[in-house]
Amino acid sequence: STLPLLRIRGRAPITIQSAIDGVPANCALTAWQGNLLACVAVEALETRIPNGVATVVRVRDDALMDEAAKKIAAELGLSGLHGLDFILARDTGVPWLIEINGRPTQTAYLRLGARADLPGALYAAVTGRQIEPVGSFKPLEVITLFEQPSDGGPRPTESRAPVIEPRGVGSLDLPTPAANSIV
């Protein structure tokens, strides 16, 4: 359970949450005006440090994580790329939400087909142009992120890497910042 402890004027309350024995997991999501568009749920198999950034993950087909993403997107009126961090309770496997990130997380680039192609779903929502989802959703697929294995050993060649479009970002007609501006 979570216990609100203190509310500082103009700030969110500080909370205390019981520790949960389990495995780190997360859900990268994209939403538009409070509607969940796509979600990629994974559990961490390897991390750089204990409870740190995941380097190897397993894709999950998790209705509870998906439901949490839908409710949070709707309640907060989210738009864009976000991440939800969970702990999967070791005894039950139930995901416990521990953090909401208002930014893309390390699995946001993955394009795993319909309902799991975050960049494609967000592009379609913002532009009104439907695109064919990229990739295929494979529950239990193991994916190496950032090629930083914690054991120092080589990773299989089938590890996923970000998809780089051959046309590059120059063809998107994005505004170019001034030479001395900080981006």
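Residues numbered from 1 in each chain as written. Predicted model: local features only at pLDDT ≥ 70, side-chain atom pairs only at ≥ 80, totals over all residues. Heavy atoms only, no water.

## Examining the pattern of salt bridges
The tally for this structure, following the rule as stated, stands at six salt bridges. E43 is the partner of R60 in a salt bridge, and the nearest nitrogen-oxygen pair spans 3.2 Å. Separated by 17 residues along the polypeptide, R60 in strand 5 (residues 54–60) and E43 in strand 4 (residues 35–47) bring together distant segments of the chain. With respect to burial, R60 and E43 carry one shared label: buried. Across the salt bridge formed by D117 and R111, the nearest N and O atoms sit 2.8 Å from each other. Here D117 matches R111 in class, with each residue buried. Through salt bridges with shared partners, a single network forms among E43, R58, R60 and D62. (Salt bridge = Lys/Arg side-chain N within 4 Å of Asp/Glu carboxyl O. Helix = DSSP H or I, 4+ residues; strand = E, 2+ residues; numbered from the N terminus. Buried < 20%, exposed > 50% of the residue type's maximum accessible area, 1.4 Å probe, protein only.)

## With respect to the sheet that holds strand 3 (residues 22–32)
Hydrogen bonds between backbone atoms are what pair the strands of a sheet, whose relative direction is either parallel or antiparallel. Read across the open sheet, the six strands follow the order 7-6-3-4-5-8; overall the sheet is antiparallel. Each edge of the open sheet is held by one strand with a lone partner, namely strand 7 (95–101) and strand 8 (142–144). For this sheet, the mean angle separating the axes of adjacent strands, direction not counted, is 30°. Pairing of strand 4 with strand 5, which is carried by six bridges, proceeds in the antiparallel orientation. The residue bridging A41 from the neighbouring strand is R60, located in strand 5. Set on the sheet, helix 1 (residues 63–76) makes contact with strand 3, strand 4, strand 5, strand 6 (80–89) and strand 7; between it and strand 4 the angle comes to about 130°. Against the sheet, helix 2 (residues 118–127) touches strand 3, strand 4 and strand 6, its axis set at about 25° to strand 3. (Pairing = 2+ DSSP bridges. Axes fitted to C-alpha atoms, helices over the stretch in contact; angles between N-to-C directions. Contact = heavy atoms within 4.5 Å.)

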